[in-house]
Amino acid sequence: MARAAGPRPEIGEFPIDTGTCELEPDPYNPNGWVLRINGVPSSHIDLADPLQLDFEYMRWIASLVDSRWAASDRLRALHLGGGACSLARRFAASHPQARQVVVELDGRLADLVREWFDLPRAPLVRIRVGEARAVTESLSEGSRDLIIRDVFAGAVTPVPLTTREFTRAAKRVLGADGVYVVNCGDSPNLAMAKREAATIGAEFAYTAIIADPAMLKGRRYGNVIIAGSDAPLGEDPGLARELLGGGVPAQIWQDARVRAFAAGAQVLED
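Residues numbered from 1 in each chain as written. Predicted model: local features only at pLDDT ≥ 70, side-chain atom pairs only at ≥ 80, totals over all residues. Heavy atoms only, no water.

### Comments concerning the sheet that holds strand β9 (residues 174–186)
- Strand order in the open sheet made by the 8 strands is β7-β6-β5-β8-β9-β11-β10-β12, with mixed pairing throughout. Only two strands of the sheet have a single partner each, and these edge strands are β7 (125–129) and β12 (251–253). In this sheet, neighbouring strand axes are inclined to one another by 15 degrees on average, regardless of whether the strands run parallel or antiparallel.
- For strand β5 (residues 76–80) and strand β8 (residues 144–149), the ladder comprises 4 bridges, and the chain directions are parallel. (Pairing = 2+ DSSP bridges. Helix = DSSP H or I, 4+ residues; strand = E, 2+ residues; numbered from the N terminus. Axes fitted to C-alpha atoms, helices over the stretch in contact; angles between N-to-C directions.)

This is how it looks when you write it as structure tokens:
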């Protein structure tokens with residue numbers, strides 16, 4: 001997909017409200033750019049192809065969403081954590097009827113991302129500057145189909161965005177069969193992933209986990225995608241096949257296995 005003419009990203013380090021961001025070209029893709037925030041890789045953008053996601057965990061989330069909503073659906077999505085808006089940009093291409101809001105704490109970063117990456121304009125993609133929990137709690141009941149939490153301060157998610165009270169607030173904003181998805185970064189002991197799974201499972205009737213086998217066996221630090229819904233999750237066999245076929249093959253655990261994984265873990269609370 002060709003990109004319209006306009007401002008181009010520029011290599012360098014730039015001051016933002018929460019520190020610095022650094023933009024560097026992808027050495028393996030002439031159209032690719034990597035965004036680092038305070039030294040931590042945050043996002044990857046392919047200017048020529050918004051459907052291309054370089055971060056595996058984002059591909060896993062996209063596959064889960066594709067299995068739930070058809071391309072023609074008017075998906076109402078809330079992204080908590082903006083970065084370069086890679087997933088919002090992807091869903092704008094894959095689900096052209098989608099209406100998306102990206103919540104980004106850092107106003108200067110939001111301005112730069114708009115300038116560099118030629119994002120679809122409102123109402124297709126709207127960036128709202130604010131704190132993720134406060135914005136979520138301000139939204140109307142049943143006003144979203146999908147909430148994706150991908151918020152990090154350094155390498156960890158702020159605690160107020162992991163608790164049962166926040167999960168309950170997110171559930172209130174979702175429609176009856178909406179889906180709440182979180183990106184949990186964890187160490188090999190998987191203690192946080194178990195507590196997040198227990199917390200999401202305490203509020204939603206169905207849960208699912210997507211991660212690569214090495215992560216689920218406690219062999220490395222990495223990302224665990226945890227989802228909750230009041231409608232069944234992850235039952236499409238095509239989704240399992242697609243996840244196994246990626247550059248980093250992943251597994252999907254359905255509700256019973258997730259609850260066994262989280263058994264005995266303490267629910268996170270304010």
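From this point, things continue past the structure.
### Remarks on the packing of helix α1 (residues 56–68) against helix α8 (residues 237–244)
- At a minimum axis distance of 10 Å, the contact between α1 and α8 shows a crossing angle of 160 degrees. On the basis of the axis angle, α1 is roughly antiparallel to α8. Seen along the crossing, α1 lies across α8 with a hand that is right-handed. Contacts between α1 and α8 pair Trp60, Ser63, Leu64 and Ser67 from the former with Leu239, Glu242 and Leu243 from the latter. (Parallel < 35°, antiparallel > 145°, perpendicular 65-115°, else oblique. Left-handed = near helix turned anticlockwise from the far one by under 90°. Contact = heavy atoms within 4.5 Å.)

### Observations concerning the packing of aromatic side chains
- Evaluation of the coordinates by the stated rule reveals 6 aromatic pairs.
- With a centroid separation of 6.2 Å and 25 degrees between ring planes, the pair formed by Tyr180 and Phe204 is classed as stacked. You can see Tyr180 sitting in strand β9 and its partner Phe204 sitting in the loop between α6 (191–203) and β10 (206–211), a full 24 residues away along the chain.
- The exposure class assigned to Tyr180 is buried, which follows from its relative accessible area of 1%.
- Given a relative accessible area of 4%, Phe204 falls into the buried group. (Phe/Tyr/Trp six-rings, centres within 6.5 Å; stacked < 30°, edge-to-face > 60°. Buried < 20%, exposed > 50% of the residue type's maximum accessible area, 1.4 Å probe, protein only.)

### Quick notes on the state of the cysteines
- Scanning the model with the defined rule gives 0 disulfides in all.
- Between Cys21, a free cysteine, and Cys85, which holds the nearest cysteine sulfur, the sulfur-to-sulfur gap is 13 Å. (Disulfide = S-S within 2.5 Å.)

### Some details on helix α2 (residues 86–94)
- Burial analysis of α2 places 7 of its 9 residues in the buried class, the great majority of the element.
- Of the residues making up α2, those classed as buried are Ser86, Leu87, Ala88, Arg89, Arg90, Phe91 and Ser94.

### Considerations on the sheet that holds strand β1 (residues 12–16)
- Taken in spatial order, the 4 strands line up as β1-β2-β3-β4 in an open sheet, and their pairing is antiparallel. Two strands bound the open sheet, and with one partner strand each, they are β1 and β4 (40–46). Taking the axes of each pair of neighbouring strands and ignoring which way they run, one obtains an average angle of 25 degrees across the sheet.
- Of the strand pairs in this sheet, β1 and strand β2 (residues 19–25) are connected by 5 bridges, and their pairing is antiparallel.

### Considerations on the confidence of the model for the protein
- For the protein, per-residue confidence averages 94 on the pLDDT scale, and residues scoring 70 or more make up 97% of the total.
- Long-range and interchain partners of residues 1–5, a stretch whose pLDDT sits below 50, account for 11 contacts in this model, where long-range means more than four residues apart. (pLDDT = per-residue confidence, 0-100.)

### Regarding the pairing of β4
- Counted residue by residue, β4 has 5 buried out of 7 residues, so it is predominantly covered.
- Bridge count for strand β3 (residues 32–37) against β4 is 6 bridges, and the pairing is antiparallel. The partner of Ile37 across the bridge, within β4, is Val40.
- Hairpin connection between β3 and β4: a loop of 2 residues separates the two successive antiparallel strands, and Asn38 in this loop has a positive phi of roughly 50 degrees.

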